[in-house]
Every structure is written in C-alpha cells, then in structure tokens.
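Below, each chain spelled out in residue letters.
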Amino acid sequence: MREKIMVIDDDEKITSMLRRSLSFEGYTVATAANGQEGLKGILENEPQLVILDVMMPYVDGWEVCRRIRASGTDIPILMLTAKDEVSDRVKGLDLGADDYLVKPFALEELLARVRVLLRRKAERPEQKTNQIAYEDIIMDFDTREVFRSGKLIELTTKEFELFHLFLQNPRRVLSRDLMMEKIWGYDFSGESNVLEVYIALIRQKTEEFGGKRLIQTVRGAGYVLRGES
C-alpha cells in the first residue's frame, strides 16, 4: 500500500514541487494551502506523515502541530520554515515535531528525512487502540486507569465515564443537559448540582500533582476540555 503524505504549505510552488517529487517516489500526496485546510485534510486523508510549514495564514504551523499532538496521534511531523533561529527549532520540537528543515532546502535531503521518519514510524510498536490521549493525559479502557504525566489518577466509575466524554470531545463545549443525559441517562431536577460536584472532583484529581486545568467552565454554555489555563 502506498504511504500517504500530507503537505501543508501556503507556497504554491513548494506544494506543487513536493507533490510531483513525492508522487514520483511512490507516495500518495495530499496538499493544503493553510493550517485550517490542513487539519481538515489530516482527518479526511489519515496520512502516515505530515510535512508542515510554519508561517501560514488562519492557523499557523505551530498551532497545527500542537493540535495534532493534542489529539493523541503520533503521526510523524516534518516542519518547514524560513527561520533558522535555534529558538524556533526548539519550539517546533517542544510542540511535538519529529524533524525540522529550513528553507530553502535540498529536495534530496527532504526525501531522505521522509524515509527516515516513515521507517521510524513503521518500527514503533503500535499504540493500543483501547487508549485515548489528550496532552499529558492517557486513559486506558482495559484497565480503566487514567494517567497524567505518568502518574495514576484514581477515578470512580462515574468520574471515569464523565472524563471519557470530555476526552472524546476535546475543545467542544458540552452542555449540562448533554452531559447529564450521556452519563446519568435521565433528568435530575434543575436544582441538582451533581454534575458540578463531579466536575470539581475530576479537576481536583487531575490537578493534584500540579497539572494545569484542562476542564474549563464556559459561562452560560457548559464545560470544555481545553488546555488553556
């Protein structure tokens, strides 16, 4: 099966050149002209590798990289940039990029790095499909355990189910009614604060070791799993 590569770059000459060259090497290639299109394209194409420019309109490469890693996928990311500052390279790697190439680059070097990243990906043990991850959180369905930065978080059955609902819907605002229906399956009275109690318990347990708050309150709308403090 031909490996799929997603190229996300607003420079039409570069995307056209990479499409031709990578196709000639036997890869299936999809392209996007900005980060917003790129994130959509990753979901639609499920590529084995992403080649990602940093400076783009709408959503830049830093944010695309962050969102890819926040989704829990370990897809290899090769970042391209016109910047050659050490701080920029470090920032990309800290956000989860696997490799970094400064423009202008030699096509032969890019192809070599693509081969290396795909080979590393093939050699990695497959991630368990019964796990879900977000930032530094890992939820394991076999053991019904939750870890944050490698530390075990003890959750009750209802806490586990509620937190799972958040992990399934990162950055989506979940209404109180939706959560009550999904987790408890029937309506509590309007005065009941059971949901708020469980949210507070999950926050306490996930923040116990100094982790930043992940479940944010959206006043008048509900709650959202989002990394901003």
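Not measured: the values here are computed from a predicted model.

Thresholds applied
- Residues numbered from 1 in each chain as written.
- Predicted model: local features only at pLDDT ≥ 70, side-chain atom pairs only at ≥ 80, totals over all residues.
- Heavy atoms only, no water.
- Helix = DSSP H or I, 4+ residues; strand = E, 2+ residues; numbered from the N terminus.
- Buried < 20%, exposed > 50% of the residue type's maximum accessible area, 1.4 Å probe, protein only.
- Polar contact = N/O pair within 3.5 Å; in protein donor to acceptor, adjacent residues only side chain to side chain.
- Contact = heavy atoms within 4.5 Å.
- Phe/Tyr/Trp six-rings, centres within 6.5 Å; stacked < 30°, edge-to-face > 60°.
- Lys NZ or Arg CZ within 6 Å of the ring centre and 35° of its normal.
- Axes fitted to C-alpha atoms, helices over the stretch in contact; angles between N-to-C directions.
- Parallel < 35°, antiparallel > 145°, perpendicular 65-115°, else oblique.
- Left-handed = near helix turned anticlockwise from the far one by under 90°.
- Nonpolar A, V, L, I, M, F, W, Y, C, P; charged D, E, K, R; others polar.

**Student:** I would appreciate a short explanation of the side chain of Asp 53 in the present structure.
**Tutor:** Along the polypeptide, Asp 53 turns up in strand 3 (residues 49–53). When its relative accessible area of 4% is taken as the criterion, Asp 53 is described as buried. Here Lys 103 takes part through its side chain, which lies 3.1 Å from a polar atom of the side chain of Asp 53. Other than its neighbours up to four places away in sequence, Asp 53 contacts Ile 8, Asp 9, Asp 10, Gly 61, Leu 80, Thr 81 and Lys 103.

**Student:** Where do I start with the packing of aromatic side chains in this structure?
**Tutor:** Two numbers describe a pair of aromatic rings. These are the distance of the centres and the angle of the planes. Taken as a whole, this structure holds 1 aromatic pair when the rule is applied. Seen from the ring of Phe 209, Lys 151 lies directly overhead, with NZ or CZ sitting 5.7 Å from the centre.

**Student:** Explain the packing of helix 2 (residues 35–45) against helix 3 (residues 61–70) to me, please; I cannot follow it from the model alone.
**Tutor:** Between two packed helices, the angle of one axis relative to the other and the distance separating the axes together describe the packing. At a minimum axis separation of 9 Å, helix 2 and helix 3 run at an interaxial angle of 25 degrees. One finds that helix 2 runs roughly parallel with respect to helix 3. Every pair of crossing elements has a handedness; the one defined by helix 2 and helix 3 is right-handed. Along the contact surface, helix 2 presents Gly 35, Leu 39 and Ile 42, while helix 3 presents Val 64, Arg 67 and Ile 68. Class assignment for the residues of the contact of helix 2 with helix 3 results in 4 nonpolar, 1 polar and 1 charged.

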